[in-house]
Amino acid sequence: MTSPTARRSHDREILALAVPAFGALVAEPLFLMADSAIVGHLGTAQLAGLGIASAVLTTVIGVFVFLAYATTAAVARRIGAGDRRAAVQQGVDGIWLALLLSAGLVLLAVALAPQAAGLLGASPTAAPYAVTYLRISALGIPAMLVVLAATGVLRGLQDTRTPLLVAVAGFAANAVLNLGLVYGAGLGVAGSAWGTVLAQNAMAAAYLVVVVRGARREGAGLRPDAAGIRACARAGGPLLVRTLSLRAVLLIATAVAATLGDAEIAAHQITMTIWSFVAFALDAVAIAGQAIVGRYLGAGDVAGTRAATRRMVEWGIGAGLLLGLLIALARPLYVPLFTADPAVRAELGTALLLAALTQPVGGVVFVLDGVLMGAGDGGYLAAAMLATLVVFAPAALAVPGLGGGLAALWWAMNLFMLTRALFLVLRVRTGRWLVTGAVRA
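Residues numbered from 1 in each chain as written. Predicted model: local features only at pLDDT ≥ 70, side-chain atom pairs only at ≥ 80, totals over all residues. Heavy atoms only, no water.

> Could you clarify how one ought to interpret the side chain of T243 in this entry?
Tracing the sequence through the fold places T243 in helix α10 (residues 226-260). According to the relative accessible area criterion, T243 is buried, its value standing at 4%. One polar contact links T243 to R242, side chain to side chain, over a distance of 3.4 Å. Discounting chain neighbours no more than four positions away, the residues touching T243 are G62, V63 and V65. (Helix = DSSP H or I, 4+ residues; strand = E, 2+ residues; numbered from the N terminus. Buried < 20%, exposed > 50% of the residue type's maximum accessible area, 1.4 Å probe, protein only. Polar contact = N/O pair within 3.5 Å; in protein donor to acceptor, adjacent residues only side chain to side chain. Contact = heavy atoms within 4.5 Å.)

Right, dumping it as structure tokens:
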């Protein structure tokens, strides 16, 4: 049994890492919101083009979020082992991997922008704007991947405050630049893309200054190290599989909702928006879990790892209960902000209640996902997410054929969350993830 003093110590540590992490996570979607608000006044076609291009970019960058996750765990382990120089060196290698990956992505995005816009169903009027925005924004991909990797470095160093400050400053710069370039310079959609690229590069530069200073202070090298970059890639590979499987689940859900009708897909998108926003709060605790667990295991403290994990699970369940109640009880307040259509509102009623139902389960899922990432247990996470996809896909795809509606689809989404929780809880109970040392063997 963990003592009250130990619980308070864990609480302080979780809050110190999770609260700034939540702020940084919330700041990220504000980029798109600012762009949408500014471009929306140019016209419907321009806004549609922005939406299509942003969907492509968000998907591409989301796939490479492993750059942050894997780096956080590896750096935190070395911090726990007391080797700060090796920790910073690991982070530098992760940033070099981000730069190497981004080179090919920029070329692909520029060359395949028209095909990507067409694949997402861009209309003849929106397609030119989508292509313009995508090709210019592709130049910001290296900066975005560097930001992911550098964020992982700082989280591993137990610093979530700096990413928050950089994210807030980046959002402010993005808004100012977009206003100036879209309207002041009269560049339209292209101005919005250039403003975002400039802001992203400024954020990457700020992170690089912090990391380079840390490397010089600790005596770590700044040149690319092939062995270190390969190690980062090996650690990130399983997490890439996990992320792709998760993306597949979300895409299948959207595709199924689209076959149900206009009201159903509209209600599904609103429900997913609420669900995703709530996930930021739970993900903040998961980020704390990555950093804390990596550090404890690096220090060889299995008992501390178990105690911290237990406390974070309690936080996750508590946060999930609170957020679930907010989703259910605050519907009269936020639903009118999204739609006035009676048909959409009717669909939303049940879908939102079903989304609220499993928020406590979601709290466990997010926390244990972060815990196992912090432990470097990427192989299991990849296999578990693939198995979850195998369970979810038939259930979701059967919904239209069986005459089910949006409620049936969200029961399938709840099955997805329950299956994830089952796999994660079973893994944590085995203790096989508790591998100690500066490097996971």
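> Just checking my understanding: could you explain the environment of V335 for this structure?
Within the secondary structure layout, V335 lies in helix α13 (residues 331-338). Separated by 64 residues in sequence, V335 and T271 have C-alpha atoms that sit 9.7 Å apart. In this view, V335 contacts R345, L348 and L352; residues no more than four positions away in its chain are not counted.

> Would you explain the layout of surface pockets in this entry?
Considered as a void within the structure, the second largest pocket measures approximately 400 Å³ in volume. Taken together, 19 residues form the lining of the second largest pocket, with A74, A231, A235, V439 and R440 sitting closest to its centre. When residues of the lining of the second largest pocket are traced back to their parent elements, those giving at least two are α3 (66-80) and α10. Of the residues assigned to the lining of the second largest pocket, the class counts are 11 nonpolar, 3 polar and 5 charged. (1 Å grid on protein atoms, 1.4 Å probe; cavity = no way out; pocket = protein on both sides within 12 Å on 5 of 7 lines; lining within 4 Å. Points joined across faces, edges and corners; volume = space filled by probe spheres on them. Nonpolar A, V, L, I, M, F, W, Y, C, P; charged D, E, K, R; others polar.)

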